[in-house]
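Listed below are the residues making up each chain.
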Amino acid sequence: MAKRRNGPGRRSRRGTAPDWPRERVGGGLAELIPDPDHPESFELYLGGAPQSHVDLADPTRLAYEYQRRLGHVADLAAPPGSPLRVLHLGGGALTLARYIAVTRPRSTQQVAEPDAALTAFVRRELPLPRGARVRVREADARALLAKLPGGWADLVITDVFADARTPAHCTSAEFLDEARRVLAPGGWYAANITDGPPLAHLRRQAATALSRFAEVCLAAEPALLRGRRFSNGVLVAADGPLPVTALTQRCARDERPARLLAGPDLRAFAAGAEVVTDATATASPPPPAELFT
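Residues numbered from 1 in each chain as written. Predicted model: local features only at pLDDT ≥ 70, side-chain atom pairs only at ≥ 80, totals over all residues. Heavy atoms only, no water.

Colleague: Can you walk me through the nonpolar core in this structure?
Modeller: Nonpolar side chains tend to gather and get buried jointly when the protein is soluble and globular. Leu87, Leu89, Tyr189, Leu218 and Phe269 are the most contacted members of the largest nonpolar core, which totals 38 residues. Ignoring sequence-local partners within four residues, the contact set of Leu218 consists of Leu202, Leu225, Gly233, Val234, Leu235, Arg259, Leu260, Leu261, Leu266 and Phe269. Formed by 27 residues, the second largest nonpolar core is a distinct cluster that contains Leu62, Val73, Ala78 and Ile100. (Core = buried A, V, L, I, M, F, W, Y, C linked by side-chain atoms within 4.5 Å. Buried < 20%, exposed > 50% of the residue type's maximum accessible area, 1.4 Å probe, protein only. Contact = heavy atoms within 4.5 Å.)

Colleague: Where do I start with the packing of aromatic side chains in this structure?
Modeller: Each aromatic ring pair is summarised here by two numbers: the centre-to-centre distance and the angle between the ring planes. Taken as a whole, this structure holds two aromatic pairs when the rule is applied. Relative to Tyr66, the ring of Tyr64 lies with its centre 6.3 Å away and its plane at 25°, an arrangement referred to as stacked. There is no split in this pair, since Tyr64 and Tyr66 are both buried. With a centroid separation of 6.0 Å and 15° between ring planes, the pair formed by Tyr189 and Phe213 is classed as stacked. With Tyr189 in strand S9 (residues 183-195) and Phe213 in the loop between helix H6 (200-212) and strand S10 (215-220), the pair connects residues that are 24 residues apart, well separated along the chain. The class for Phe213 is buried, based on a relative accessible area of 4%. The ring of Phe269 is capped by Arg203, whose NZ or CZ atom sits 4.4 Å from the centre of that ring. (Phe/Tyr/Trp six-rings, centres within 6.5 Å; stacked < 30°, edge-to-face > 60°. Helix = DSSP H or I, 4+ residues; strand = E, 2+ residues; numbered from the N terminus. Lys NZ or Arg CZ within 6 Å of the ring centre and 35° of its normal.)

Colleague: Just to check I follow, could you spell out the environment of Pro129 for this structure?
Modeller: Checked against the element boundaries, Pro129 lands in the loop between helix H3 (116-125) and strand S7 (134-137). Among residues more than four places away in sequence, those in contact with Pro129 are Pro59, Arg98 and Val102.

Colleague: In this structure, what is going on with the packing of helix H1 (residues 65-76) against helix H2 (residues 95-103)? I would like to understand it.
Modeller: For any two helices packed against each other, one specifies the crossing angle of their axes together with the interaxial distance. The contact between H1 and H2 brings their axes to 11 Å, and the two run at 35°. In terms of crossing hand, the pair formed by H1 and H2 is right-handed. Taking contact as the criterion, the partners of Gln67, Leu70, Gly71, Ala74 and Asp75 in H1 are, on H2, Thr95, Leu96, Tyr99 and Ile100. Per-class residue counts for the contact of H1 with H2 are five nonpolar, three polar and one charged. (Axes fitted to C-alpha atoms, helices over the stretch in contact; angles between N-to-C directions. Left-handed = near helix turned anticlockwise from the far one by under 90°. Nonpolar A, V, L, I, M, F, W, Y, C, P; charged D, E, K, R; others polar.)

So far we have only geometry, and geometry alone does not tell us how the molecule works.
Structural data, given as structure tokens:
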């Protein structure tokens, strides 16, 4: 789930049927609204909320800020061009899977997406790049994690939303334990996390990641970190060193720059927050109603 970016918005077509692809899927009405500024680009809405953006002409163009940050993670997870084994928890329009297929040819990718109708709609209307090795599994994120062998993935990306909220069972320490089991030695975990004032959910997620991984960092816009807006933060974690300097530089150069919290700064941000368990987990907070208007 993402805040609608600057650019294509829902255009009013009172009295007329929209001329963009739309279909009822498990999560509600799926719509692919054309981006008027970029030919062959579409924004996926699901149940009235923006989910992701795809540029068929250039799959390396990531329109959403949080997706660009996840793209930075994918870029730095291995030497340039080297193939990766990537597990995507949450499918949507398969934006990051497309990005990795183009920037890292021969990568093997699996995607957990329980909404089979959404997957069929996206794959029909937005074909994957030629040669992309992407397998979409009709499965809940945590259920697919449990089925995968230990050490399978070089990178696990969690971007799971239902009704614009991350389900509770994908926010706990036990969930992270499963993700960590699936990671190969030296593998990385990354998650898109949404929150707003007073940032209780984001702090708990940071504390939970710090309890499970040796190294953790958080990329987020300063306004989010100051508790002034509802937005996306990207947590990155590993049992080995993370390229904090390189991530910091990339996030700072983005159109909407992000800060990177790591080490003592991240521990101070998470101080006092409880580690989330299956017994205490709750879904991420709902976005404010005006966010998508």
